[in-house]
Every structure is written in C-alpha cells, then in structure tokens.
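# Examination of the molecular architecture
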Amino acid sequence: MLYFSRWKVIAILLSVLVGILFAVPNILPREWQDILRERTILRPVTLGLDLQGGSNVLMEVDRKEFTNTLITQQMGDVRAALRTARIAYKLNRTPNGVTVQITEAADADKAYDVLKGLTQPIDTGLFGTGVASSIFTLERSGQQFTYSFSESGIEARVSRAVEQSLRIIENRVNGSGIAEASIQRQGRDRIVIQLPGIGDPDQVVKMIGQTAKLTFQLVCESQPNAATDNPPPDCVSYPMKEDPQQNMWVQTSSAATVEGGDLQDAQAAFDSRTNEPIVNFRFNQKGALRFGKLTAENVGKPFAIVLDQQVISAPRINEPILGGSGQISGNFTTEEANTLAIVLRSGALPARLIPVEQRTVGPSLGSDSIHAGAVASVIALAAVMVFMLIAYGLFGIFADIALIVNLLLLIGVMSVFGFTLTLPGIAGIVLTMGIAVDSNVLVFERIREEWRHGRTALNSIETGFKAALATVLDSNLTSLIAAVVLFGVGSGPVRGFAIAHAIGILTTLFTAFTLTRLIVFWWVRTTKPKEVPL
Amino acid sequence: MFKPIRFIPDDTKIKFMLLSRYGYFASGVACLAAILLFVFVGLNYGVDFKGGTVFVIRTEQVANLDELRGKINGLGFGDAELQEFGTGGHEVLIRLPAIEGGEDVQRVVQDKVKQVLGAGVEYLSIDVVGPKVSGELAQQSIMAVLIAIIGILIYIWFRFEWQFAIATVMSLLHDVLLTVGFFCLIGIDFNLQIIAAILTIVGYSLNDTVVVFDRIREYLRKYKQLPLADLIDVSINSVLPRTLLTAVTTLLALIALYIFGGEVLKGFTLAMIWGIFVATYSSIFSAASLLALLGVNRDAIQIQPSGSKAAAARP
C-alpha cells in the first residue's frame, strides 16, 4: 500500500504539476492572460455574471400568439383556395384550428381535395431525414371540415422559430455593439441570453424581444379615425405611433402589401432638410420590384408603414418609387432610429419572444462579491490549516499541503475546462476546504487507532490507509451523487455551486489516494519512524 | 515536532444505544415541530419559487425604509417587503410579488419602481422571475431532492444491505425536515441557494452516516458473536473523533464564509451551518441505532465479498 513504483510517482507529480499550471493564469496580469488564451489552452477561470456583473435573460416563444398567427395564415389560405375553386363556404376560428362549412353538399368532395392540399407537410426530423408532419390535420364529417393542430407539427414549427430567432438575436446583439454576449437555446422553446457588463438590460431586452415585422400597406381611408367606425372590408385597424388613441384602417390583402422581409439594408440617418432622425432602407430585387409596382399603381394615395401592428407613419405616394430604397420617418429619437435600423437589418423574429426571467447584477455588487468571496476563502483556508496543524502536528502539515494542492487543482480544472465560477461556486470551494480534510482526518484517525491497538508504526500506517481509503471512496461517491443531481436539475447559480462542489470532490479523491499517501511514503522512507506522531 | 492536541478523548465508551432513546424522542419532537411550523407558519418563499421582482438598491443617504415602502406601495403592485441588506444602512432589498396578467407584464414593475425611486439610487441587482419559471423552479427543486435521495438509497442498498439504506434515508429525511423547519422558524428567504444547501446537507449527512456504517459492517465481519447493539456502540465510539473533527473543520470554513462571504451567501451559509449540526447529531444518535431496530442479516454481510474491507480486518 505504501510502496510507489517510480512511474507512479512521476505520474502523480506530473498530474499535480499540470493541474497547478492550469491554475496559474488566474494570477497573471491581463495582457499575459490574453496571450496565453490565444496561443494555449491555458486561461483564467470564467467568472459568472453574478461576479463580473451583467444580465441573464430567459426568453420564451409566445406560443399563444404563434399558434394564432398560424391559424390566421391557414384561414387566409383556405379563403384563397376555395375562392379560386369557386366553392361557397363559411369559416370559423376555433381555439386550436379552423372549421370550414361548405354551403353546397355537392361541392363537398371537391372541397375536400382542395382543403387536403392545405395540410402541407413540414420536416420535423434532424438532418432532413425525419418523418414529415403537417401543422394541421384535416377531419371531415359531411360538409364540415376541421383543421386542428398536430402536436408534432407545432413543436417542429416552434423549434424552427427558435433556431431562426437565435441567429436574428445574435445579429441584433452584435449590431448594437455588446461584447461577449452568449445566446443559447434552452429546452424546446426558450433562449438564454447572457450579457456581461450590461447593468441595465431594459433597452437591450426590448430590442431583442421586438418582433420587428415591417410591412408597407395601402390605407383604406385617408383619415385616421376611431376603431368603432364601420370596418371597411378586408381592412384591419392599427393604432398610430404618434397618438395610440387614434387608429388607422389599412388593407390586408397581399396585393396591397409589401413585406419588410425583403429588405436588404437599413441604416439610421438624419433627414437632410428637417435634421430629424430617420431610417433609410433598401429592398432586395424582389422587394424593389413589388414596391415599385405597388407605388406606381397607387400614386397620390397614402400608404402606411406598419411596424409590429403599429402605424409608424402614413406618407402620401408622390411618385412611383422604382429604385427600391426609401426612408422611414416617424418622430424618432436618435436611439429609436438606431434600434429600428438594427432590428430591420437583422430581420423579423418568426415569433414573439417574451422575457420570462431576467436577472441582473450591477458591476459594483459583482466586485463586492468577488472581494468578499476571496476574503472568506483565505480566512477559511487559514482556519482549517491551523486547526489541522494543531490536531495532527506533522501529519497536519501533510494534510495542509494536500489541501493547498487540492484547491489549486480545483481552480486549475475549472479554468482549463471553461467552467463558470459563480458566487455559489465560491461557496462550493470553501465547503470543499472543510470537507477535503475529512479524507485526511479519516486516514489519520484510523492510523492512530491501529497504532494504539499495538501495531508497529509502519504497519499502522499501511493498514490505516488501506482501511480508511475504502471509506473515503464510499463517502465521497455518495456526496458526488448529490452534487451531480444538483447539476442536472439545478439552474444558474445552483449549477455553479454544483460544479465547484463536484470537481472539489473529485480532486479530493485524487489527492487523498495519491498525494497524501506519497508524502507519507516519503516521510516513512526517509525517517524510518518507530512511532506514529499522532 | 510538537505533540498534536487530542480534542476528543481516546477510547470513549459512550452508550449511544441507550442515549438513542432520548435521541428518538428529541428527533420526534423536533420533526413534529418542523411539520407544525411548515403547516402553520410556512416557508418564506423567495422570487425563485413565487415569482416577482427583487431589487437590491444602494442609496446615497442612509435609507429610510418607511419612506421607500410608502413610495413603492403607492404603485399598487401589492405589498412590498423591504429589509436592510448588509450593514451600513445604505443598501436595501425590496421584494415585490408577481403581478396579474402573465409573463409579459412583469417588467412593468421595474420600470415603475425605477421611476418612483428616481435618481440617486444605484441598482445593485434586479431579479425578475415570471410566474411560469418560478413554478418550474419549484417543481425542479422538489425533483432534485427526491432524485438525490432515491439515488442515494440505491447506492447504499448496493454497497450495504437494505436495512442500511432505509436507516440512511430515514436520517436524511430527518435532516431535510429539520432544515426546512429551521427556515420556517427564522423566516429567511427560501430560494434556489437554499435548495443547493439542502442537497449539500444531504451529501454531508450521508458522508457521516456512511462512515459509521462502514465501520459497523467491518465489525460485523470481525466480531461475529457481539450483540448488535454493543457492536453499534463500539462502532460509533471508534469513529466519533473523525465525525466531530470533520464537523469542526467544515464549520470553520462555513463560519468564515458566513462572516466574510458577503450578504448574498448568508442564507446559504446559515442553512449549511445548521445542517452540519443536524447531520452530525443524526449520524451519531439516530442513523446507526435505527439499524439496530431494523436488524441486520449478519449472514449476508459475511458472504458479501468486499476485498478491501476484508483485508482491513485485523487478524
């Protein structure tokens, strides 16, 4: 038990050295850290947002609105298809789909063929190999047809919307100049956005969450009026940006609409005459063509620029706009114009995202926490070390050496593998100090027991290690179960704790089984003790 | 080299099995009290589980809690809870409940609060948790504690015998229950950090119990004729120094963390400190003696091969 082959000694010392090397970048000056990060795998530990300050935002797809939009689209498709086929019908919106009542019984079979074609399949599988499934399933009973959502179809659409949103949000965040943001998918319908150094995320969250669906639509009536007026056919009323009390009726048919998804570029600028902030935009070829056609056919009429169901402005078309570029003005502040340009460039989100959780730590609390955590760690370390020294003398020194190596390994592993150190993580490290010496306490107590039962010094040490290490393994593995569960189920700060604690348990096992034994082995070999100094 | 100081005398011969009668009584009363506290007082759930908004602010002048409370309650978002954060009187924690109207409206709260508090206030942290997320977090936390306990049950069952597993889990539940009761009593914010603390206490308590059980198993193989009660007494006595010394080193680290680790970790550290006491108590006074009540199949222990343990037994 106490014998170490040469290669084993080398392996142990090498792993300890490598581990310590991993921890070194944490005490180097900033410039050195950057150089190391670029050229090697060495890096300082990543600080969590609670330590460096910043904002953590969890956004969720607004399923209700998302499915509503899908139903509206489906209703539009049904209308168009049946109208083309010259079939009389009545449409009804239900909470999870659409019902279609065909007026003439004779048309029902024909209608079925038409309506069947509108359950277009979409790919749900990974890498395009999956089974196709459609958003809606169609059921027929006589003249009545019912579209209802298929669970897998909706899931696939939500999932795709999240994927698209990730890219769009990334563009928006990068576009507004926020450094080192992290944007990740979480679960089926959520996105986690981490914004280091952002103390007031309000502006950013509003920008990220903005759907930014821009359309140019012809106006039904030239004057904005109240919503209670008789609705003109195929028109919808949106509030005006300048005065949300006022509504404007705009046309909804696709012939009277140009979508902002066809934008190629958008830039904030100032109007050369009024010096007011505006947004210049340019269509792509397809958009430019459509926009040109629409404006050419409607010279003299007003058209509404609609952003997220709000009329930003409704200028009159003075002449056909054939070049494919134009400008949006609407009493913007400079900041509003900037944000609008960014979100227009990045494109519209396929679904509305709502913030369901938002945690922000200001920079001063972050640095207070680092300071407090460091002070507490040093004091805890000193207290434990002194106690071990008093309780176990020479063996206490062995334990203290092992403890320091243990902590360095813990920090090294966390640094090099890029685990995030949070404030609860610091608590996990401090707790590791208290618990790490337990392995030594177990061994030392056992050695002492054996010695007092009349064994020789060497024999006691050997048996002590052998018996106690089995217990060390058992007790640490059970603790590890709790830590792993905590990591798996927990979120955010709790995970930070679980990681530090779990790695602490592993490094404790390592030092207990190798380093402490090695030190005692050297001591036994050099001093040939006749007594156990415990 | 100076001689180490023995904090725990050698060869203690404390009759733990006799004491365990009082131990059961004390544990029973404490658990009952914890349940009553939980039912009638309840936990002070934080935003993590209840949803809502928490601000930690720093004011230029010493903060006047009543004035702040008046301003915020005037907004009509429900009753604000205010408490001093740390010492010095400049930092205040403000808690507002989740408001009606779903996920989207929660952010209105912070806009309005910022307006009403005006300039001269630094926002150290703001947490907004929607009703949906808080519900999930509560569910996940209960799951976490259950999964951990079941995982441990299975591990102990494999490594020892089922009686050991039952006794372990009983004492774990005891520890968790008393910790929850403690939090009902002192009314500190019950949040995700406390769940982390509870799981860590579970880990620690287990650690302690496993050490005692390891020793019991070893002695079961060695002293085949010794009555179980006496054997358990000897086992607890022989690991007693370790149990207490480890509790001391862990407490030293935790107390340093409590005093110097800053305001944010106070709840976590307090839970841990309490948990170490409870876990140490239960591993000495109840876990092993429960084993005596359940009885142990000594033949199974003899047959079960375990190389390292068998080798460790003295000839």
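Because the structure is predicted, anything quoted here is derived from the model rather than measured.

In this section: the overall build of chain B. Summing up its helical and strand segments, chain B has 11 helices and four strands in all. A globule of 315 residues ought to have a C-alpha radius of gyration of about 20 Å, yet chain B, at 24 Å, is considerably larger. Referenced to the eigenvectors of the C-alpha coordinate spread, the extents of chain B come out at roughly 80 × 50 × 35 Å. For chain B, the residues scored as buried account for 56% of the 315 residues in total. Per element, the accessible surface of chain B, about 13400 Å² overall, is 66% carbon and sulfur. Once the 25 positive and 27 negative side-chain charges of chain B are each reduced to a mean point, those two points are 13 Å apart.

The next subject is a positive patch on the surface. Among the surface-exposed residues, Arg6(A), Arg525(A), Lys528(A) and Lys530(A) lie close enough to one another that they form a single positively charged patch. Here Lys528(A) is to be found in the segment after helix H13 (492-527).

Tyr392(A), Phe395(A), Phe164(B), Phe213(B) and Ile216(B) are the most contacted members of the largest nonpolar core, which has 149 residues in total. No other element matches the 19 residues that helix H10 (residues 363-416) of chain A contributes to this core. Not counting residues within four places of it along the chain, the set of residues in contact with Phe395(A) comprises Phe444(A), Ile447(A), Val520(A), Trp523(A), Pro533(A) and Leu534(A). If you look at the next biggest cluster of nonpolar residues, it comprises 72 residues, including Ile168(A), Ile169(A), Leu263(A) and Leu344(A).

We now examine the side chain of Ser346(A). All names here are of chain A. Its location among the elements puts Ser 346 in helix H9 (residues 334-346). Looking at Ser 346, its side chain comes within polar contact range of the side chain of Arg 172, at 2.9 Å. Apart from residues no more than four positions distant in its own chain, Ser 346 is found in contact with Ile 168, Asn 171 and Arg 172.

Attention shifts here to the domain arrangement of chain B. All names here are of chain B. Along its sequence, chain B is carved into domain 1 (16-43 + 134-313) and domain 2 (52-129). Taking only C-alpha atoms into account, the centre of domain 1 sits 39 Å from that of domain 2. Taken together, the contacts link four residues of domain 1 with four residues of domain 2. Both faces considered, domain 1 and domain 2 share a buried interface measuring about 340 Å² in area, 61% of it formed by carbon and sulfur atoms. A per-residue breakdown of the area domain 1 buries against domain 2 is headed by Ser 134, Asp 189 and Glu 263, which together make up 85% of the total. Between domain 1 and domain 2 we count one salt bridge in total. Across the salt bridge formed by Arg 95 and Asp 189, the nearest N and O atoms sit 2.1 Å from each other.

Parameters at a glance
Residues numbered from 1 in each chain as written. Chains lettered and ligands numbered in written order. Predicted model: local features only at pLDDT ≥ 70, side-chain atom pairs only at ≥ 80, totals over all residues. Heavy atoms only, no water. Helix = DSSP H or I, 4+ residues; strand = E, 2+ residues; numbered from the N terminus. Rg over C-alpha atoms; globule rule 2.2 N^0.38 Å. Buried < 20%, exposed > 50% of the residue type's maximum accessible area, 1.4 Å probe, protein only. Areas by Shrake-Rupley, 256 points an atom, 1.4 Å probe, with all protein chains shown as cover. Lys, Arg positive; Asp, Glu negative; His and termini not counted. Charge placed at Lys NZ, Arg CZ, Asp CG, Glu CD. Patch = residues over 30% accessible without salt bridge, like charges linked within 9 Å, V, L, I, M, F, W, Y side chains within 5 Å. Salt bridge = Lys/Arg side-chain N within 4 Å of Asp/Glu carboxyl O. Core = buried A, V, L, I, M, F, W, Y, C linked by side-chain atoms within 4.5 Å. Contact = heavy atoms within 4.5 Å. Polar contact = N/O pair within 3.5 Å; in protein donor to acceptor, adjacent residues only side chain to side chain. Domains from an automatic or database assignment. Buried area = accessible area lost by both parts, 1.4 Å probe.

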